[in-house]
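# A look at the structure
What follows is each chain in one-letter form.
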Amino acid sequence: MTCSEFQDILPEMIDGDAVGEHAVHLKACSDCSELVSDLRAISSGAKLLCADDEPSPRVWANLQRTLEAEGLIHAPSQAGGVLLPSRRHRARWVWVGSIAAVLAIAAGLLLQKHESARSQSAVNQGSTVPAGATASTTEDGDDEQLLADMSPTARSIYEENLKSVNSSIHDAQATLAQDPDNDDARLFLQDAFHQKAMVYELAMDRSMQ
Amino acid sequence: MDTGVNSGLKKGHMSTAQRVGTFVVVAVTSLSSLASAQTKKEFKYTVGSGATVTIANEYGPVIVKPSSNNQVIVIATTQSDKVEVDETRNGDRVLLRSHLLPGATPTNRSVDYQVQIPADASLTIRSTNGPLHAEQLRGDVTIEGDSAPVDVRDISNAHVHVNTLNGPITLANIRFGHVEVNSIGGDINLLSVTGPLVAVTSTTGKISYNGDFGIGGDYKMSTHTGNIEAVVPADASVDVTARSVRGDVENDFPLHPKAHTTFLPQKGRSFVGTAGQAASSVLLRTFSGKIRLKKSQ
């Protein structure tokens, strides 16, 4: 059996034991054996992560009652049915965390770029690209998704603050576009991304509550 | 004899008095029913040195003071039966969390937390609208609030981290602190705050510092569109750099010029200089706001 043939049945291998020729190959091939071992470790780690993040059934029951009271959903036809969050909904806050991380990384990259630009400014004049330009292109969609689940009051507060922070990002980007060697503007752009990451983190902490 | 006019006025007065009377009865009834809906609950935990206490209150104040012993004492007053307090205790980690129930509305969902913790415990508190207050502690303090006003005072030898959206922040008498403060739109007011690191960032808020910048600290204050004002005593020992990309800078504090700078100061937009032994480094930055360094009277 080749490694390629073995890897066709990898998904079954993660939660079960290899039998027959698969078991023989697994024993003989160190590459495949290592791969299966890694996948099993990731799989069991992911299961632990899900268990940690899963709120108690009582939380979902309360959520269900609230949504029913507000007429947003109807009681399930089966007795004893409990609302469970859709994978999509749970994924939303994981996604918010990811955006916050991306923003923080963007700020970090700006700093790195800043350091590098400083050291090479003599030979590199005019070639520095405002690094934040691409990072901001998706901001409106991300922000809308962030605000989508919020109550009107919270939405208004977060909307106002995102507006401020986006404005500061654009402000610094515009200055950098005119003067790519403006170190101050680059640092302010970095700060602005950090601030935006903080807004996303606060939103995520709030949602966890 | 009653004239028609007097009689009408009398009737009018009676009617007003009756309305006032009815209002008072309704108000008293409402207040007493509100008072009866409030529930005060006390939680007590005995913890070891360096315990961790977290209070996550979605709506309402959290006030934290030191306890005289190794106890965490929490008095939580719920505004109604539409909100409850969940507690978790794992070893020296204590978590109390407000938990909204169906029917919770802006008028009945808040919880008032009055908390006492050992002075060396680490504290994390969070509320959407606050206010949030911590004082006289020696453990790390982490505070998060959306629009919550934050007030932290009399803290020593600890990390103090505060994040808000537009909640104003006041830090007072923080000694030997590792201080990190971020707010998007809330004004930040620092009074006698010193330590090895004091980093303050805002987007639109104003930053005010009143104190001597201590000895050997690294102070960074940055706001995008807000103003920065630092009021410093004449005997402060500082190495100051102030820069505004588009705004103005103003200096009323006597500084000695520096022989070497990392940039060329631009009159009206930036200044650098030292005072005393230049023990602490102070960086004041704003993109389009104004910076003012003043000598305290």
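You'll find the structure just up there.
Residues numbered from 1 in each chain as written. Chains lettered and ligands numbered in written order. Predicted model: local features only at pLDDT ≥ 70, side-chain atom pairs only at ≥ 80, totals over all residues. Heavy atoms only, no water.

### Remarks on the interface of chain A and chain B
To keep it simple, the criterion reads: Two residues qualify as a contact provided that any one of their heavy atoms is within 4.5 Å of a heavy atom in the partner residue. Summed over both partners, the accessible area lost on bringing two parts together, with a 1.4 Å probe, is the buried area. Here a salt bridge means any side-chain nitrogen of Lys or Arg lying within 4 Å of a carboxyl oxygen belonging to Asp or Glu. In protein, a polar contact means a hydrogen-donor-capable atom and an acceptor-capable atom, both N or O and within 3.5 Å, with residues adjacent in sequence counting only if both atoms are side-chain atoms; elsewhere, any N or O pair within 3.5 Å suffices. Working definition: helices are DSSP H or I runs of at least four residues, strands are E runs of at least two. Numbering for both runs from the N terminus.
Across the contact, 28 residues belong to chain A and 35 residues belong to chain B. With both chains or domains summed, chain A and chain B bury close to 2,800 Å², and 52% of this area falls on carbon and sulfur atoms. At the junction of chain A and chain B, the tally comes to 3 salt bridges. Across the salt bridge formed by Asp184 of chain A and Arg243 of chain B, the nearest N and O atoms sit 3.0 Å from each other. At the junction of chain A with chain B, the criterion picks out 10 residue pairs in polar contact (both at pLDDT 80 or more). Secondary structure elements with two or more residues in the side of chain A that touches chain B: helix 5 (57-69), helix 9 (152-178) and helix 10 (183-208) of chain A.

### Structural notes on the pairing of strand 22 (residues 270-275) of chain B
Residues and elements named next belong to chain B. The criterion, for reference: We call a residue buried when its accessible area falls under 20% of the maximum for its residue type, exposed when it is over 50%, and partly exposed in between, using a 1.4 Å probe and counting protein chains only. Strand pairing follows a simple DSSP-based rule, namely that at least 2 bridges must link the two strands.
Among the 6 residues in strand 22, 6 count as buried, and that is most of the element. Because side chains alternate across strand 22, one face comprises the buried residues Ser270, Val272 and Thr274, and the other comprises Phe271, Gly273 and Ala275, equally buried. In the sheet, strand 20 (residues 238-244) pairs with strand 22 via 6 bridges, with the strands oriented antiparallel. Note on strand 22: the bridge partner recorded for Arg243 is Ser270.

### Regarding empty space enclosed by the protein
Applicable threshold: Computed over the protein atoms alone on a 1 Å grid, cavities are sets of points where a 1.4 Å probe fits but cannot get out and pockets are open sets with protein on both sides within 12 Å along at least five of seven lines; a residue lines them when it has an atom within 4 Å of a point. Grid points are joined across faces, edges and corners, and a volume is the space filled by probe spheres set on the points. Under the grouping applied here, Gly and all other residues not named as nonpolar or charged are polar, the nonpolar ones being Ala, Val, Leu, Ile, Met, Phe, Trp, Tyr, Cys and Pro and the charged ones Asp, Glu, Lys and Arg.
Throughout the structure, instances matching the rule amount to 1 cavity of 30 Å³ or more. Counted as a void, the largest cavity has a volume near 40 Å³. Lining the largest cavity are Ser168, Phe188, Asp191, Ala192 and Gln195 of chain A together with Ser202, Thr203 and His224 of chain B. Here the lining of the largest cavity gets 4 residues from one element, more than from any other, and that element is helix 10 of chain A. In terms of residue class, the lining of the largest cavity is built from 2 nonpolar, 5 polar and 1 charged.

### Some points on the sheet that holds strand 15 (residues 188-193) of chain B
Residues and elements named next belong to chain B. The criterion, for reference: Here the axes come from fitting lines to C-alpha atoms, over the contacting stretch only for helices, and the angles between their N-to-C directions go from 0 to 180 degrees.
Strand order across the open sheet formed by 12 strands is 1-4-7-3-9-11-13-15-17-19-24-21, with mixed pairing between neighbours. In the strand order of this sheet, the two ends are held by strand 1 (39-46) and strand 21 (249-251), each with one partner. Direction aside, the axes of adjacent strands within the sheet are offset by 10° on average. The pairing of strand 17 (residues 207-210) with strand 19 (residues 228-232) spans 4 bridges and is classified as parallel.

### Let's talk about the pairing of strand 9 (residues 132-137) of chain B
All names here are of chain B. The element strand 9 is largely enclosed, with a buried count of 5 among its 6 residues. Pairing analysis gives 3 bridges linking strand 3 (residues 62-66) to strand 9, with the strands arranged parallel. From the neighbouring strand, Ile63 faces strand 9, where its bridge partner is His133. Summarising the sheet, strand 9 and strand 11 (residues 150-156) pair through 5 bridges and their orientation is parallel. Paired with Glu135 across the two strands is Arg153, which belongs to strand 11.

### Description of the packing of helix 9 of chain A against helix 10 of chain A
Residue and element names in this part refer to chain A. Note the cut-off: Just so you know how the angles are binned, under 35 degrees is roughly parallel, over 145 roughly antiparallel, 65 to 115 roughly perpendicular, and the rest oblique. Put simply, a crossing is left-handed when the front helix is turned counterclockwise from the back one by less than a right angle, and right-handed when it is turned clockwise.
Here helix 9 crosses helix 10 at 160°, and the two axes come no closer than 8 Å. Classified by the angle between their axes, helix 9 and helix 10 sit roughly antiparallel to one another. The two elements helix 9 and helix 10 cross, and the hand of that crossing is left-handed. Tallied by class, the residues present in the contact of helix 9 with helix 10 amount to 16 nonpolar, 5 polar and 3 charged.

### Brief notes about the environment of Ser208 of chain B
Residue and element names in this part refer to chain B. One can find Ser208 in strand 17. As for Ser208 and Thr170, which are separated by 38 residues in sequence, their C-alpha atoms are 9.5 Å apart. Excluding residues within four positions of it along the chain, Ser208 makes contact with Ile188, Asn189, Leu190 and Glu229.

### A few points about the sheet that holds strand 22 of chain B
With mixed pairing, the 12 strands of this open sheet are ordered in space as 5-6-2-8-10-12-14-16-18-23-20-22 (chain B). Bordering the open sheet on either side are strand 5 (83-90) and strand 22 of chain B, each of which pairs with just one other strand. Averaged over all adjacent pairs, the angle separating strand axes in this sheet is 5°, with direction ignored. With 6 bridges joining them, strand 16 (residues 197-202) of chain B and strand 18 (residues 218-223) of chain B adopt parallel strand pairing. Paired with Leu197 of chain B across the strands is Asp218 of chain B, a residue of strand 18 of chain B. Each of strand 6 (93-100), strand 8 (122-127), strand 10 (141-145), strand 12 (159-164), strand 14 (178-183), strand 16, strand 18, strand 20 and strand 23 (280-286) of chain B touches helix 10 of chain A; the most contacted strand, strand 23 of chain B, lies at about 85° to it.

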